[in-house]
Amino acid sequence: MGKPTGVTVVQNKDTTVWPHEQQHKPHPLYQEEIVSYHYAYSPALLTSPSTLGQGMWRYSALLPLEETAIRYPLPVGNTPLIASAALRKTTQLPHLWLKDETKTPTGSNKDRATALVLEHALRNGVTTVSCASTGNVAVSLAIGAAAAGINAVIFVPAGVSHTKLRLMLLAGATVFQVTEGYEAAFVLSRQAAKAFGWYDRNTGVNPLTLEAKKTVAFEIWEQLGGHMPDVVVVPVGDGLTLSALVKGFRELIACGVAQRLPRFIGVQAEGCQPLKRAWENNEPTAVKYREPARTIADGIAVNTPVGGVLVLKDIRECGGGFVAVSDQAMLQSIQVLASTAGVLAEPAAASALAGLAPAIATGLIEPHEVVIICVTGNGLKQPEHLVAQNTPFTIRADIEEVANAMQL
Ligand SMILES: *Cc1c(COP(=O)(O)O)cnc(C)c1O
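About the criteria used
- Residues numbered from 1 in each chain as written.
- Predicted model: local features only at pLDDT ≥ 70, side-chain atom pairs only at ≥ 80, totals over all residues.
- Heavy atoms only, no water.
- Pairing = 2+ DSSP bridges.
- Helix = DSSP H or I, 4+ residues; strand = E, 2+ residues; numbered from the N terminus.
- Contact = heavy atoms within 4.5 Å.
- Axes fitted to C-alpha atoms, helices over the stretch in contact; angles between N-to-C directions.
- Near = heavy atom within 4 Å.
- Polar contact = N/O pair within 3.5 Å; in protein donor to acceptor, adjacent residues only side chain to side chain.
- Areas by Shrake-Rupley, 256 points an atom, 1.4 Å probe, with all protein chains shown as cover.
- 1 Å grid on protein atoms, 1.4 Å probe; cavity = no way out; pocket = protein on both sides within 12 Å on 5 of 7 lines; lining within 4 Å.
- Sits in = over half its atoms within 2 Å of the grid points.
- Salt bridge = Lys/Arg side-chain N within 4 Å of Asp/Glu carboxyl O.
- Buried < 20%, exposed > 50% of the residue type's maximum accessible area, 1.4 Å probe, protein only.
- Points joined across faces, edges and corners; volume = space filled by probe spheres on them.
- Expected span 1.5 Å × (residues − 1).
- Phe/Tyr/Trp six-rings, centres within 6.5 Å; stacked < 30°, edge-to-face > 60°.
- Lys NZ or Arg CZ within 6 Å of the ring centre and 35° of its normal.
- Right-handed = clockwise from strand over helix to strand, strands pointing away.

**Q** So what's going on with the sheet that holds strand E4 (residues 151-157)? Which residues, and what values?
**A** Hydrogen bonds between backbone atoms are what pair the strands of a sheet, whose relative direction is either parallel or antiparallel. In spatial order, the strands read E5-E4-E3-E6; together these four strands make up an open sheet with parallel pairing. At either end of the open sheet lies a strand with only one pairing partner, and these are strand E5 (174-178) and strand E6 (199-200). Here two bridges tie strand E3 (residues 128-132) to E6, and the two strands are oriented parallel to one another. Paired with Val129 across the strands is Tyr199, a residue of E6. Sheet contacts for helix H4 (residues 136-148): E3 and E4; angle to E4, the most-contacted strand, approximately 165°.

What follows is the structure, encoded as structure tokens:
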């Protein structure tokens, strides 16, 4: 049987790859299967934090890391848990908290995953790391890799946010804008990582991303004084951000420091809600509900969620459910978060706040409960979605004009 010319067919799940397969071998860290890490759980893993590093690295005993000093140079983790009196009043939720994941090197929760992946890259002499991204993973990897002295190769949809693209290029990453969109970019990035021997950071295939993001759960538990919240509200695209939190809370129980899991509310965009539909229809996967994503919330504009099976299973096991919110509700929530809590959110991140109303209306959240909303990404990266509430006065430098304008 002859091979098609110029193409090497390899006997594994990625099937057809490129001729370059002959020159390059997949990087030893390249992962074919999703693996899940387990630890020898005990309270000490959480109660006497590691001294390897600050922030997220304090939980190194629950991360897959050899006990040597952290090399990754950027600070990650230890983000604020905010109690905003004004926001509690606006939402009528007296026990509402914001987990502010915008306070990271590049303004999104993706920086935790990037940090652990690049820490492994540094320890294993990796020279190039690659990923596909709707925007935030790419910015995170571009900036993180530059700081670590590693090359980044990034695949994004052609319609990627301008400011996010500029940040990737500012850091000197190699960027491919893929015409067919995120799903195609994801498949291509997998093929390319394998063919060219790059280390693949992709969410859902690199198990380190889940491990790193679970540290958010440890921080929430610690910041609540060693208590579990009742409900956690998370924007959902690929689903790994939510599933990582579930893993983190499960490990708190496994370590013996907590008794019960919180419920989880996954928030999707009305214009892209495959997981909500699958959940409503009691389906184990969201593949049936694939349709073009129509939303300004690029961070959750994922029509074929990589972690779909896992996140559906997690939400069913923990209780809770999915809600969908409109772009308009997200824009409104950006304004509310900024003007009550002083937190600047991008649309995908603001969807968590927008999701409270439908979750309360459908009985998924009770108003007296301890509710955490995860604000996953900073709004300064998408200034086009900061909607003005009023207009400025243009005046000459004359105090009379100030008085006139303000009718003083
Ligand atoms: C990535 C991202 C999400 C969703 O995370 P998934 O793991 O894809 O479900 C939510 N909000 C923002 C801002 C993001 O960048």
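Here the narrative resumes, following the displayed structure.
**Q** Please give an account of the site of the ligand that cites residues and values.
**A** The ligand sits among 16 residues. The nearest are Lys110, Asn136, Gly239, Thr241 and Thr376. A distance of 2.7 Å separates an oxygen atom of the ligand from a polar side-chain atom of Asn136. Side-chain polar atom of Thr241 to an oxygen atom of the ligand: 2.8 Å apart, as the coordinates give it. Taken by itself the ligand offers 380 Å² of open surface, and the protein chains cover 97% of this. A molecule is said to occupy a pocket when more than half its atoms come within 2 Å of that pocket's grid points, and by this definition the ligand occupies the largest cavity.

**Q** Summarise the pattern of salt bridges; cite the residues concerned and give the values.
**A** As enumerated under the stated definition, the model contains 24 salt bridges in all. Arg263 is the salt-bridge partner of Glu369, the closest N and O atoms lying 2.9 Å from each other. Here the residue Glu369 occupies a position in the loop between helix H14 (356-361) and strand E10 (371-375), and Arg263 occupies one in strand E8 (residues 263-269), the gap between them amounting to 106 residues. Classification of Arg263 as partly exposed rests on a relative accessible area of 23%. Note that Asp398 and Arg396 form a salt bridge whose closest N and O atoms lie 3.9 Å from each other. Of the residues examined, Arg396 reaches a relative accessible area of 56% and is grouped as exposed. The network of salt bridges with shared partners includes Lys99, Glu101, Arg112 and Glu219.

**Q** Before we move on, could you go through empty space enclosed by the protein and cite the residues and values that matter?
**A** If a probe as big as a water molecule is rolled over the atoms, it shows which places are left empty. On inspection of all chains with the given rule, the structure shows three cavities of 30 Å³ or more. What the largest cavity holds in volume is close to 310 Å³. Lining the largest cavity we find 27 residues, and of these Lys110, Gly237, Asp238, Thr241 and Gly299 sit closest to its centre. Of all elements in the fold, only H4 and helix H9 (240-254) reach the threshold of two or more residues within the lining of the largest cavity. Looking at the lining of the largest cavity, the element that brings in the most residues is H9, giving three residues.

**Q** Can you lay out helix H3 (residues 110-123) for me, pointing to particular residues and giving the numbers?
**A** Compared with an ideal rise of 1.5 Å per residue, which puts 14 residues at 20 Å, H3 spans 20 Å between its outermost C-alpha atoms and is within 8% of the ideal. Across the 14 residues of H3, 13 count as buried, placing the element largely inside the fold. In the stretch just after H3, Gly125 is the one whose phi turns positive, near 65°.

**Q** I'd like to hear about the packing of aromatic side chains, residue by residue, with values.
**A** One pass over the structure, following the stated rule, counts seven aromatic pairs. Relative to Phe186, the ring of Tyr182 lies with its centre 6.5 Å away and its plane at 55°, an arrangement referred to as tilted. Of the two residues, Tyr182 and Phe186 are both situated in helix H6 (residues 182-196); the distance of four residues between them amounts to about one turn of the helix. Look at Tyr182 and you get buried, because its relative accessible area is 12%. Ring centres 5.1 Å apart and planes at 45° place the aromatic pair Phe196 and Trp198 in the tilted group. For Phe196, a relative accessible area of 24% corresponds to the partly exposed category. Note on Trp198: relative accessible area 15%, which makes it buried. When the ring centre of Trp97 is taken as reference, the NZ or CZ atom of Arg88 above it lies at 4.8 Å.

**Q** Explain the pairing of E5 to me, using residue names and the numbers behind them.
**A** Bridge count for E4 against E5 is five bridges, and the pairing is parallel. Bridge pairing in E5 links Val153 to Thr174. Each parallel crossover has a hand, and the one from E4 via helix H5 (residues 162-170) to E5 is right-handed.

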